[in-house]
Amino acid sequence: MHPQNIVILGTGGTIAGRAASASDNIGYTAAQVGVEELLAAIPALAQAGTVLTEQVAQVDSKDMTFAVWAKLAARVSHYLAQPDIQGIVITHGTDTLEETAFFLQALLAPAKPVVLTCAMRPATALVPDGPQNLLDAVAVARHAGAHGVVAVCAGVIHGAADVQKVHTYKLDPFSSGDAGPIGYVEEGQLRLLRSWPQAEAGRAQAAAKSIAGLAGAVPRVEIIMNHAGAGGAIVQALQARGVQGLVVAGTGNGSLHHELQAALLKAQADGVKVIRASRCAAGRVLPTPADTIPDSEGLSPVKARVSLILQLLA
Ligand code: SIN
């Protein structure tokens, strides 16, 4: 059978980064190299069937915006609807990759694979990791039966709901926490450990219709943290600025300093949507009958924020 097309959408990140010196792995500028140029550095990709490219954005992912997400979701939906497109790869910075992955999965639940990939070393490094990650991501996008939004980095396939950046420097900076990875890419072959993210037939097409309008009216949802000496002033200040949603990264099992809790309960009574996550890197907030603020149902603070924005938009 003739291999179907793969689309690679460029959004920037370190994978597209340039440094003045090849030995400089941190003093670079992200989002400089175009997606076409990234591809040209990987001759093996040309042998793997047709690969189309589109530069959707060119940003350091620390500067990711909802407007870029809306544009990206619209382009992903567009390509998902093409019968000759088997899967989509998105090049992205590692810093907010987990948020973009979760956003796309929550919004589109695609029945084809949408694979985010990245790098921890710039394209100009002595040994850049981007080319192998991109090659691995294309192998995942070409895999028969793959679906949903996943991230591929350092040979590991992570689901959108679980992936989290847990290291500042290592070439393998992501973890899927307690859930573990979906699988591994080894010499272009997939070794799968568990199932792909959920796919929902027709969701991407339905969402595509509403995507264009999303960026115009993004509700303001902020993340705050519980810590020693936390108080309620930050909540009051945000309420005064018209915040519509608050995610609190609680300590341990989502516990809150009593002053912060009082301010959050007041905000909740005033109509602000409040969600309680945990600042712990692993585990989830376990609900108890005494809870007065709903928990994030296993989502990390950044993903709970995305989820709350989508809820408020709906
Ligand atoms: C970014 O997130 O765009 C920069 C950092 C990285 O990609 O590792």
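Computed from a predicted model, the values in this text were never measured in an experiment.

**Here's the deal with the site of the ligand**
At step 1: Close to the ligand lie Gly13, Thr14, Tyr28, Asp60, Ser61, Gly93, Thr94, Asp95, Ala119 and Met120, which account for all nearby residues.
At step 2: Here Thr94 contributes a side-chain N or O atom positioned 2.5 Å from an oxygen atom of the ligand.
At step 3: At 3.0 Å from an oxygen atom of the ligand is found a main-chain nitrogen or oxygen belonging to Asp95.
At step 4: Coverage of the ligand by the protein amounts to 95% of the 250 Å² it exposes when considered alone.
At step 5: Grouping the constituent residues of the shell around the ligand by class yields three nonpolar, five polar and two charged.

**Regarding the nonpolar core**
At step 1: One finds Leu9, Val76, Ile88, Ile90, Phe103, Leu104 and Leu107 to be the most contacted residues of the largest nonpolar core, which totals 48 residues.
At step 2: Per-element tally for this core: the top contributor is helix α3 (residues 66-80), with nine residues.
At step 3: Mapped onto the domain boundaries, this core takes at least three residues apiece from domain 1 (5-211) and domain 2 (221-313).
At step 4: Not counting the four nearest positions on each side in its chain, Leu104 is found in contact with Leu72, Ala73, Ile90, Ala109, Pro110, Val114, Leu116 and Val149.
At step 5: Leu38, Val51, Ala146 and Val152 belong to the second-largest nonpolar core, a separate cluster that totals 28 residues.

**Examining helix α8 (residues 258-269)**
At step 1: The end-to-end C-alpha separation of α8 is 16 Å, in line with the 16 Å expected for twelve residues at 1.5 Å each.
At step 2: Restricting attention to buried positions, one finds in α8 the residues Leu260, Ala263, Leu264 and Ala267. End-on, the buried residues of α8 take up no more than an arc of 100 degrees, which puts them together on one face. Seen from the buried face of α8, the exposed residues on the opposite side, beyond 90 degrees, are His258 and Ala269.
At step 3: Residues of α8 that are buried in the fold lie against β11 (221-225), α7 (233-240), β12 (245-250) and β13 (273-278).
At step 4: The first or second residue beyond α8 is Gly271, which carries a positive phi of 105 degrees.

The rules we used
Residues numbered from 1 in each chain as written. Predicted model: local features only at pLDDT ≥ 70, side-chain atom pairs only at ≥ 80, totals over all residues. Heavy atoms only, no water. Near = heavy atom within 4 Å. Polar contact = N/O pair within 3.5 Å; in protein donor to acceptor, adjacent residues only side chain to side chain. Areas by Shrake-Rupley, 256 points an atom, 1.4 Å probe, with all protein chains shown as cover. Nonpolar A, V, L, I, M, F, W, Y, C, P; charged D, E, K, R; others polar. Core = buried A, V, L, I, M, F, W, Y, C linked by side-chain atoms within 4.5 Å. Buried < 20%, exposed > 50% of the residue type's maximum accessible area, 1.4 Å probe, protein only. Helix = DSSP H or I, 4+ residues; strand = E, 2+ residues; numbered from the N terminus. Domains from an automatic or database assignment. Contact = heavy atoms within 4.5 Å. Expected span 1.5 Å × (residues − 1). Arc of directions from axis to C-beta.

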